[in-house]
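# Inside the fold
Here is what each chain is made of, one letter per residue.
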Amino acid sequence: MRKWGFLAAALGLTLAACGGGTTTTTNADGEAAPAGGGRLDVVKGRGQLICGVDGGIPGFSFVDESGTYTGLDVDICKAVAAAVLGDAEAVEYRRLDSTERFTALSGGEVDMLSRNTTWTISRDTSVGLEFAPTTFFDGQGMLVRTDSGIADLEDFAGKAICVETGTTTELNLTDQMRQLGVDFEPVVFQDADAAYAAYDEGRCEGMTSDKSQLVARRSTLPNPDEHTLLEVTMSKEPLGPVTTNNDSSWYDVVKWVTYGLIQAEEFGITSENIGTFEATENPDIARFLGQEGTLGTDMGLPNDFMVQVITQVGNYGEVYDRNVGADSEFALERGQNALWSEGGLMYSPPFR
Amino acid sequence: MVHDSGSRSFDLKAMLRDERFWKIAFQVITLLVVLLLLSFFLGNLNRNLIQQGRAFGFSFLRNPAGFSIGESLIQYRPNDPYWRALMVGLGNTLTLVVGGIVLTTVLGVVAGVASFSKNWLLQKLSRVYVGLVQNIPLLLQLFFWYFAIFGALPNPANQIGVLGLAFLNNRGVYIPWASSALLAILGIAATVGAAIAALFLWRWRTKIRIETGVGGQAQSIALAVVALAWLAIITLGMNWTVPEGVEGGGVTGGLRLSREYVASLTALVFYTSAFVAEIVRAGIQSVSKGQWEAARTLGLNAGMVMRLVVFPQALRVIIPPMNSQYMNLTKNSSLAFAIAFPEIYSIATTTYNQTGRPVEVFVVMMATYLTLCLLITVVMNQFNRSVQFKER
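Residues numbered from 1 in each chain as written. Chains lettered and ligands numbered in written order. Predicted model: local features only at pLDDT ≥ 70, side-chain atom pairs only at ≥ 80, totals over all residues. Heavy atoms only, no water.

Taking an unreviewed UniProt entry as the reference, chain B is identified by name as ABC transporter permease subunit belonging to Leptolyngbya subtilissima DQ-A4. The record in UniProt for chain B states the following under Sequence similarities (unreviewed entry): "Belongs to the binding-protein-dependent transport system permease family. HisMQ subfamily." Of the comments in the UniProt record for chain B, the one headed Subcellular location (unreviewed entry) reads "Cell membrane". (UniProt positions renumbered as here; feature names shortened; annotations may be inferred.)

The name given to chain A in an unreviewed UniProt entry is Amino acid ABC transporter substrate-binding protein, with Leptolyngbya subtilissima DQ-A4 as the source organism. Per UniProt, the comment on chain A under Sequence similarities (unreviewed entry) is "Belongs to the bacterial solute-binding protein 3 family."

Secondary structure assignment for chain B yields 13 helices and 8 strands. Since a compact globule built from 392 residues should have a radius of gyration of about 21 Å, the 28 Å found for chain B marks it as more spread out than a globular shape. Referenced to the eigenvectors of the C-alpha coordinate spread, the extents of chain B come out at roughly 105 × 70 × 40 Å. Among the 392 residues that make up chain B, the fraction classed as buried is 38%. Taking the contacts inside chain B whose residues are at least 6 apart along the sequence as the reference set, 66% of them involve residues at least 24 apart. (Helix = DSSP H or I, 4+ residues; strand = E, 2+ residues; numbered from the N terminus. Rg over C-alpha atoms; globule rule 2.2 N^0.38 Å. Buried < 20%, exposed > 50% of the residue type's maximum accessible area, 1.4 Å probe, protein only. Contact = heavy atoms within 4.5 Å.)

Looking now at the sheet that holds strand β1 (residues 160–162) of chain B. Residue and element names in this part refer to chain B. Across the sheet, which stays open at both edges, the 4 strands sit in the order β1-β2-β3-β8 with antiparallel pairing between neighbours. On the outer flanks of this sheet lie β1 and β8 (255–258), each paired with one strand and no other. Each adjacent strand pair in this sheet contributes to an overall mean axis angle of 20°, direction not counted. Both strand β3 (residues 172–175) and β8 contribute to a ladder of 4 bridges, which runs antiparallel. In the strand pairing of β8, G172 is matched with S258. On the sheet, helix α9 (residues 259–286) packs against β3 and β8 and is oriented at approximately 65° with respect to β8. (Pairing = 2+ DSSP bridges. Axes fitted to C-alpha atoms, helices over the stretch in contact; angles between N-to-C directions.)

What follows concerns the UniProt feature "transmembrane region" (unreviewed entry) in chain B. All names here are of chain B. In this structure's numbering, the residues bearing the UniProt feature "transmembrane region" (unreviewed entry) are residues 21–42, 94–116, 128–153, 173–201, 221–241, 261–280, 300–319 and 361–383. Along residues 173–201 one finds 72% helix and 17% strand; the C-alpha atoms at either end are 37 Å apart. The span residues 300–319 is 90% helix and 0% strand, and its two end C-alpha atoms sit 25 Å from each other.

Right, let's get into a nonpolar patch on the surface. All names here are of chain B. Residues L94, V98, V102, L103, V106 and V110 make up a contiguous nonpolar surface patch of roughly 500 Å² in combined accessible area. When you line up the elements, V106 lands in helix α4 (residues 82–114). For V106, a relative accessible area of 52% puts it in the exposed group. (Patch = residues over 30% accessible without salt bridge, like charges linked within 9 Å, V, L, I, M, F, W, Y side chains within 5 Å. Areas by Shrake-Rupley, 256 points an atom, 1.4 Å probe, with all protein chains shown as cover. Salt bridge = Lys/Arg side-chain N within 4 Å of Asp/Glu carboxyl O.)

Attention shifts here to the sheet that holds strand β4 (residues 56–57) of chain A. Residue and element names in this part refer to chain A. One open sheet accounts for 3 strands, arranged β4-β5-β6; its pairing is antiparallel. One side of each edge strand has no neighbouring strand; the edge strands of this open sheet are β4 and β6 (69–70). Where strand β5 (residues 61–63) and β6 come together, 2 bridges link them in antiparallel fashion. Each bridged residue has a counterpart across the sheet, and for V63 the counterpart in β6 is Y69.

As structure tokens, this is what we get:
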């Protein structure tokens, strides 16, 4: 009889578990995730954006001693939160490493990724992602010790290169070295921190990653001056925010908020001067700021969503300068990341 | 008479009171619940995959992998297909598991037996080792060995030579080895074969001596012949190459065990051995005190008491839990991924990341580890049967 009681209890439990989950899939928080799109409603309903970031790359996404997240990638999360929820701080950051990011996104654990993710065709198609506009144009580089005597990739014959797994970097490196016929030893880490630690204590002669990341990470090495970047660019690395396939209304939001940052810079609207545009005569700007038309409400956002974004986060130029550009310790040139009108690649389709 | 017809027709109340009915009914309900749950999960998976525009399938395993792997037992080039890359990972996992099981058994038994030692230092050392290692997570120990111990070795330019036979530097450990893989396999096969032959000869010799009281010379001679043959094959047949230090750093010749492999193996062995030591200790303690005393009365010294009387009986208690330690070691080998050893989990992670097929890759993973663990169980069960009491 006791055995039956146990069985009955187990039965009841399983039925309860079953009944709770037959109609909807649930994510890590137990919130109902929509069956076919509607992430925008989920975010609004939750009142918070869950944004997947790296968290270990100064300038892009970095957690400081007080637990605050800063960086260019983080500011993209903030911009989306400001647009959707009216509050740039309504973001919960999830630190994801490069191997778990896509499963976290497609599993609905995060609403979007803003995490140094390179836009590639296979990720766009077979992995099932949607890439919002590029927020940083980068290229793969190679960090070496200054006294190692290594000047180009050919010098890596028989030498070890540390790399982070799950990255396009890993593939590009192999491609480049195959092309050059250089036989090297890859030492592949899951965790970027472990990879840089192994490079720093001499396990590898080289450390390869996106150039911006190498510059940022070099600053956290014990003796930054002992390391230099080789004069090679192994690949194109367009980095930007990512959402999943088949949720175009959410994808549209992330996409146009990102474009909005670029467009704001092109209009010359900054967080400082946005007050002066309240009674603008320019119909383009009036539409952009939601004073005319229904660009915001058509997307399911408040019509003045860009006002929120610019006031709380700033335009793309401000975001860039603050985190990686002139006003930061890295002082990276704008280069390819300048506006199209200034010789760069940053270009937003019209807000019309 | 009137009620007779009622008892022959279907009696619901009687059936509900019948224990046999309930036994069968619960079996059926349990089965239904399991099937229901399974179909729910599979349906959910299917819906989610369709929602993301993907179909379940394994054909991607034939696509070229495109990434390079640091070390491999079999030939591998970056344009080989994913399944081959996974095979490389499996090979690397197996080197870790097989090496780990052998070394864990030796170290674990030694540490377990040492806890009974009359030697105060040896006994305390064993207790401290077990207490310390058991209570630190394996991942931490992996990082410790990789970064703190093997990372502290000098760079190739200042490498440490050991008697001119081996070299140590922060890239790995270089040891003498057969000049070709084929010869290496031959050497290993010869060692295993000789060990098995020796075991059988030894048992045969003991049996004859027990039954007849004399004899066993023929077996002794055969043992010597096996030992000599093995020695000859190992010393002359293997065409040993000894690692040589290169001017300015680096090593040529010999076998290189990468730092990732050596650190993973060391951490796994030290960690698992601590548990094995406790199992061995429990096994020995399970043998009744009378057995020790009786054996001492026969005039056996402490070492012989352990070897001939106590340990064989302890094996009955030791072997079943050893099985789970070997399986733990096998599964824990996936943590070597954290310190860049390219074992199968590491390759699988790269694979699902590049292809975006976590579900399929994880099915492959689960099947692989399940197979490995079942193999270990089958072997251990055989072994277990051979040491249990033979009841007649």
